[in-house]
Amino acid sequence: MTPNISENRPVIRQLDDAAINRIAAGEVVERPASAVKELVENAIDAGAQRITIDVADGGKTLIRVTDDGCGIAGPDLPLAMSRHATSKIDGTDLLNIHTFGFRGEALPSLGAVARLNITSRVPEDAAFEMNVDGGDIGKVRPAALTSGTVITLRDLFFATPARLKFLRTDRAENQAISDIVKRLAMAEPFVRFELRDVGGDSPRTTFRAEAETGDMFDALHGRLATVLGREFADNSLKIDAEREGLHLTGYAALPTYSRGSAVAQYLFVNGRPVRDKLLAGALRGAYFDFLSRDRHPAAALFLDCDPTLVDVNVHPAKSEVRFRDPGLARGLIVSALRHALAEAGHRASSTVAGATLGAMQPEQTGARVYQMDRPSLGARTAAYQAQAPGFSEMAQDFSGHVVQPEYVPEPAPEDLPLGTARGQVHENYIIAQTATGMVIVDQHAAHERLVYEKLKRQMAENGVATQGLLIPEIVELSDGDCARLLEVADDLARFGLGIEPFGGGAIAVRETPAILGEVNARAMILDILDELADAGSSNMVQARVEAILSRVACHGSIRSGRWMRAEEMNALLREMEATPHSGQCNHGRPTYVELKLADIERLFGRT
Ligand SMILES: Nc1ncnc2c1ncn2[C@@H]1O[C@H](COP(=O)(O)OP(=O)(O)O)[C@@H](O)[C@H]1O
Ligand SMILES: [Mg+2]
């Protein structure tokens with residue numbers, strides 16, 4: 001006999017709608033920013049061209065979203081506020097979804113946890129409004145509004161005090177709201193967005209993006225300049241690639257424009273901002289050979305495909321997606337980005353020139369913030385040097401090692417992006433004149449990159465030399481891990497790691513890349529499995545081989561401190577122009593900076 005059955009037999013009850021909605025709200029509306037997300041997505045789905053978001057106290061006391069979309073007819077207001085009522089799907093095909101919304105949950109959930117007013121007007125009809133107050137549904141009444149919809153939420157979570165306790169500071173909530181609005185603004189460049197903080201004495205616009213025009217890429221480029229900054233827009237490469245029904249577009253930053261953390265990485269799947277670790281992994285794969293571990297690439301990428309190839313219905317907030325073939329998506333991102341980076345060739349970010357200019361103008365106020373590593377002290381010294389009048393003579397006095405320009409026949413400088421060498425300072429910096437300004441090259445970094453690219457090219461042509469193991473190393477794994485590893489066996493073989501099934505959940509490692517010398521095969525296999533689990537694919541072996549090449553390159557290249565003749569310097573410049581990825585060294589630092597004549601004139605206050 002269990003004692004708690006007879007008297008306290010549990011009673012099964014059907015919960016009322018208000019309770020159900022409050023429970024659902026727990027998933028859909030986690031914090032003020034999620035309410036903002038739902039309301040703004042509804043406005044976008046309604047075809048709005050202008051969306052204004054007002055918040056007070058981090059959205060805790062007030063969130064109001066105003067749009068000029070299609071509106072809701074008065075008699076439909078109660079339906080819009082009821083659960084699982086939506087105009088966006090008919091329920092027959094959950095895999096074919098083209099709108100942000102489709103679950104019909106947001107409005108009833110918000111009405112259950114806050115004081116909601118919805119006022120709306122459809123064309124050729126009067127405006128109506130209704131209130132829902134912590135789940136208490138009011139009556140539809142006539143209202144005043146010229147067009148579109150205004151939804152006002154006051155006292156979010158007043159009906160669920162437990163949730164209220166979990167809210168962070170106003171500042172943190174404002175930050176999250178701003179982040180959501182910016183992501184949606186990137187997704188919809190043709191729509192005007194304005195975010196205002198109306199909590200203080202006078203309303204303050206904290207973010208505004210005017211509607212962009214032009215074709216899709218122009219509009220996106222303009223919008224990214226507004227959201228991520230001019231610097232990003234000026235230093236990013238257009239991405240446009242397609243593979244097996246998957247289309248990737250967007251912009252990715254040059255390696256020399258990198259960030260200290262993964263803050264500027266945005267992925268949109270079929271127009272929907274998503275947070276997916278697929279992107280972080282793919283970006284790491286695309287840039288791994290340009291950036292040191294502590295630097296992170298920046299990109300805004302849009303993956304579009306037939307809606308049936310991706311499931312967005314994984315989570316009520318729909319910020320996670322599930323691809324039918326994640327490997328395909330990842331592969332497309334990696335190859336498209338690597339291709340774009342290769343095409344960019346020797347281009348380094350203009351941020352670098354900006355930072356150099358900043359360093360040359362110590363008195364400048366309102367310092368600009370650069371995401372780049374600061375140029376080395378050496379680069380700055382060289383920059384000061386170049387600033388001095390008659391610098392070649394002066395520099396001669398300082399170092400005694402400046403090469404005077406030699407009178408070699410000069411090709412027209414406009415044909416040469418990196419110009420003609422005019423001299424070398426501090427035995428490491430080549431100063432070259434270009435058609436539109438001047439270039440300062442870090443000869444060691446540049447040469448190291450050239451040697452590295454050459455080694456890689458050789459490796460691609462001749463394959464990776466392998467070293468067969470006398471006795472194959474047997475690594476015991478689970479059947480699943482074995483299968484996952486064997487799926488990528490061909491890729492691993494290309495980089496010199498030869499594996500075979502050994503039966504019974506084991507793998508035999510038969511050969512390893514010769515350049516790595518003695519390797520702990522078991523540890524390497526386990527690392528590869530971790531990376532596969534983490535990122536969906538692994539370039540561990542490739543990364544290790546390339547890391548060694550990079551070290552070889554470093555030793556095989558011209559050290560700084562070596563005096564160079566004019567022909568040598570010009571030859572280096574020409575080779576840089578012809579070599580992909582030569583704009584940055586193996587650690588993501590620039591190999592050269594360019595100062596436009598206009599920049600130089602600005603330095604001297606001539607403009
Ligand atoms: N800003 C708006 N403009 C026009 N119609 C709206 C707006 N917001 C909501 N609606 C209508 O209310 C319905 C319910 O909204 P919601 O609860 O967010 O569910 P969903 O967006 O998943 O359909 C929508 O399907 C839409 O018809
Ligand atoms: Mg919705």
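Everything that follows concerns the structure shown earlier in this document.
Not measured: the values here are computed from a predicted model.

## Digging into the site of ligand 1
Here is step 1 of the chain: Around ligand 1, 20 residues are found, and the nearest of them are Asn 42, Thr 86, Ser 87, Lys 88 and Gly 104.
Here is step 2 of the chain: Between Thr 86 and ligand 1, the recorded distance is 2.6 Å, taken from a side-chain N or O atom to an oxygen atom.
Here is step 3 of the chain: About the coverage of ligand 1: the protein hides 93% of its 530 Å² of free accessible area.
Here is step 4 of the chain: When contributions to the shell around ligand 1 are tallied by element, the ones reaching two or more residues are helix H2 (32-45) and helix H4 (106-113).
Here is step 5 of the chain: Among the elements that take part in the shell around ligand 1, H4 stands out by supplying 3 residues, more than any other.
Here is step 6 of the chain: Here the shell around ligand 1 is composed, by residue class, of 9 nonpolar, 7 polar and 4 charged.

## Comments concerning the nonpolar core
Here is step 1 of the chain: Judged by nonpolar contacts, the single largest core of 61 residues is most densely connected at Val 40, Ile 51, Ile 53, Ile 63, Leu 153 and Phe 193.
Here is step 2 of the chain: Two domains each donate at least three residues to this core, and these are domain 1 (17-209) and domain 2 (216-344).
Here is step 3 of the chain: With near-sequence residues (within four places) excluded, Leu 153 lies in contact with Ala 35, Leu 39, Thr 61, Leu 62, Ile 63, Leu 110, Ala 114, Arg 115 and Leu 116.
Here is step 4 of the chain: Among the nonpolar cores identified, the runner-up in size contains 38 residues, and Leu 267, Ala 286, Ala 299 and Phe 323 belong to it.

## Structural notes on the packing of helix H14 (residues 443-462) against helix H19 (residues 566-578)
Here is step 1 of the chain: Contact pair H14 / H19: the axes reach a minimum separation of 10 Å and the direction vectors enclose 50°. Between H14 and H19, the angle falls in the class oblique. Crossing of H14 against H19: the hand is left-handed. Of H19, the residues touching H14 (which contributes Gln 443, Ala 446, His 447 and Leu 450) are Leu 572, Glu 575 and Met 576.
Here is step 2 of the chain: Tallied by class, the residues present in the contact of H14 with H19 amount to 4 nonpolar, 2 polar and 1 charged.

## Let's talk about the packing of aromatic side chains
Here is step 1 of the chain: Per the stated rule, a full pass over the model turns up 3 aromatic pairs.
Here is step 2 of the chain: Both rings, one in Phe 232 and one in Tyr 257, keep their centres 6.0 Å apart while their planes meet at 70°; by these two values the pair is edge-to-face. Of the two residues, Phe 232 sits in helix H8 (residues 230-234) while Tyr 257 sits in the loop between strand E11 (246-253) and strand E12 (265-269), which places them 25 residues apart along the sequence.
Here is step 3 of the chain: On the basis of relative accessible area, Phe 232 is assigned to the buried category, the value being 1%.
Here is step 4 of the chain: Residue classification places Tyr 257 among the buried residues on the basis of a relative accessible area of 2%.
Here is step 5 of the chain: With centroids separated by 4.4 Å and ring planes inclined at 5°, the aromatic side chains of Phe 268 and Phe 302 adopt a geometry described as stacked. Residue Phe 268 is found in strand E12, and its partner Phe 302 is found in strand E14 (residues 299-305); the two are separated by 34 residues along the sequence.
Here is step 6 of the chain: Just above the ring of Phe 158 sits the side chain of Arg 115; from NZ or CZ to the centre is 3.8 Å.
Here is step 7 of the chain: Positioned over the ring face of Phe 217 is Lys 238, at 4.2 Å from the centre of the ring.

## Remarks on the pairing of strand E18 (residues 429-433)
Here is step 1 of the chain: Of all 5 residues in E18, 4 are buried; the element is thus mostly enclosed.
Here is step 2 of the chain: Pairing of strand E17 (residues 420-425) with E18 involves 5 bridges; the strand directions are antiparallel. Bridging across to E18, Thr 420 finds its partner in Gln 433.
Here is step 3 of the chain: The loop that links E17 with its antiparallel partner E18 comprises 3 residues; one of these, His 426, has a positive phi angle of about 50°.
Here is step 4 of the chain: Of the strand pairs in this sheet, E18 and strand E19 (residues 437-442) are connected by 5 bridges, and their pairing is antiparallel.

## Description of the sheet that holds strand E21 (residues 498-503)
Here is step 1 of the chain: Here 3 strands make up an open sheet; going across it, the order is E20-E22-E21 and the pairing antiparallel. Two strands bound the open sheet, and with one partner strand each, they are strand E20 (466-476) and E21. Going from strand to strand, the sheet's axes swing by 20° on average, the running direction of each strand aside.
Here is step 2 of the chain: Direction of pairing for E21 relative to strand E22 (residues 506-513): antiparallel, over a ladder of 5 bridges. Paired with Glu 500 across the two strands is Ala 508, which belongs to E22.

Scoring rules and cut-offs
Residues numbered from 1 in each chain as written. Chains lettered and ligands numbered in written order. Predicted model: local features only at pLDDT ≥ 70, side-chain atom pairs only at ≥ 80, totals over all residues. Heavy atoms only, no water. Near = heavy atom within 4 Å. Polar contact = N/O pair within 3.5 Å; in protein donor to acceptor, adjacent residues only side chain to side chain. Areas by Shrake-Rupley, 256 points an atom, 1.4 Å probe, with all protein chains shown as cover. Helix = DSSP H or I, 4+ residues; strand = E, 2+ residues; numbered from the N terminus. Nonpolar A, V, L, I, M, F, W, Y, C, P; charged D, E, K, R; others polar. Core = buried A, V, L, I, M, F, W, Y, C linked by side-chain atoms within 4.5 Å. Buried < 20%, exposed > 50% of the residue type's maximum accessible area, 1.4 Å probe, protein only. Domains from an automatic or database assignment. Contact = heavy atoms within 4.5 Å. Axes fitted to C-alpha atoms, helices over the stretch in contact; angles between N-to-C directions. Parallel < 35°, antiparallel > 145°, perpendicular 65-115°, else oblique. Left-handed = near helix turned anticlockwise from the far one by under 90°. Phe/Tyr/Trp six-rings, centres within 6.5 Å; stacked < 30°, edge-to-face > 60°. Lys NZ or Arg CZ within 6 Å of the ring centre and 35° of its normal. Pairing = 2+ DSSP bridges.

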